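A structural walkthrough
So you can see what is in the structure, the chains are spelled out below.
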Amino acid sequence: MSDAEHPPFAQAPAARAWRVAPTTAWVRSGEHQVTVMDLDEGNPQVLSPTGSAVWELLLDGRTPEDDLAADPPKPVEEEALCGAVAEAFGVDVEVVAADTRAFLGMLAGHRLVVPAVLP
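So, here is what we can say about the structure in this document. (Residues numbered from 1 in each chain as written. Predicted model: local features only at pLDDT ≥ 70, side-chain atom pairs only at ≥ 80, totals over all residues. Heavy atoms only, no water.)

1. Some points on the overall build of the chain
The criterion, for reference: By definition, any uninterrupted DSSP run of H or I lasting at least four residues is a helix, any uninterrupted run of E lasting at least two residues is a strand, and each is numbered from the N terminus. Between buried and exposed lies partly exposed: a residue is buried under 20% and exposed over 50% of the maximum accessible area for its type, with that area taken using a 1.4 Å probe on protein chains only. In this description, contact between two residues means that some pair of their heavy atoms is separated by no more than 4.5 Å. Each accessible area is a Shrake-Rupley result for a 1.4 Å probe, and residues are judged covered by the shown protein chains and nothing else.
Secondary structure assignment for the chain yields four helices and six strands. Start at the N end of the chain and walk to the C end: the helices and strands fall as β-β-β-β-α-α-β-α-α-β. Counting all 119 residues of the chain, 34% fall into the buried class. Counting only contacts in the chain whose residues sit at least 6 apart along the sequence, the fraction spanning at least 24 positions is 60%. Looking at the chain as shown, the accessible area adds up to about 7,100 Å², and 55% of this sits on carbon and sulfur atoms.

Structural data, given as structure tokens:
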């Protein structure tokens, strides 16, 4: 795949909201751990406990089984996601915002999340 088709993480688009990409498969692979994979690429990514917590916030309580039968998860506003991460870890949003955005950029670089348009 060329660089134009699969941009590096640093070039991931800035977005106001994110959603799980339609070609993403995922499973809870341990306590506080999630493994995600773009079905087109086939490279599984094991998320850290912190990354898994962000992933769970993107899913809003969904299970892998929900992905087989339910509508896709709703987009999550980036600002709200940063706030939820801060609340979950008991820190100020300013402390986690840059890292959360960088993590979203990494997920976008692996085609696991995509920018979303809010209604």
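2. Describing the pattern of salt bridges
For clarity, the threshold we go by: Whenever a carboxyl oxygen of Asp or Glu lies within 4 Å of a side-chain nitrogen of Lys or Arg, that contact is scored as a salt bridge.
Scanning the model with the defined rule gives five salt bridges in all. A salt bridge links Arg28 to Glu56, with the nearest nitrogen and oxygen atoms 2.8 Å apart. One end of the pair, Arg28, is in strand β2 (residues 24–30); the other, Glu56, is in helix α1 (residues 49–59), with 28 residues separating them in the sequence. Of the residues examined, Arg28 reaches a relative accessible area of 37% and is grouped as partly exposed. For Glu56, a relative accessible area of 25% translates into the label partly exposed. Here Asp38 and Arg111 are joined by a salt bridge, their closest N and O atoms 3.4 Å apart.

3. A look at the sheet that holds β2
Rules: Pairing between strands requires that DSSP locate at least two bridges from one strand to the other. Axis angles are defined between N-to-C directions and span 0 to 180 degrees, where every axis is a line fitted to C-alpha atoms and, for a helix, only to the segment in contact.
Read from one edge to the other, the open sheet built from three strands follows the order β2-β3-β4, with strand pairing classed as antiparallel. Every interior strand has two partners, whereas the edge strands, β2 and β4 (45–46), have only one. When strand β3 (residues 33–38) meets β4, the two strands line up antiparallel, connected through two bridges. Opposite Val36, over in β4, you have Gln45 as the bridge partner. Packing of α1 onto the sheet brings it into contact with β2 and β3, and relative to β3 it is tilted by some 65 degrees.

4. Brief notes about the pairing of β3
Both β2 and β3 contribute to a ladder of six bridges, which runs antiparallel. Bridge pairing in β3 links Arg28 to Val34. Between β2 and β3, which pair antiparallel in sequence order, lie two residues; one of them, His32, sits at a positive phi of approximately 65 degrees.

In short, shape yes, function no, at least from these values alone.
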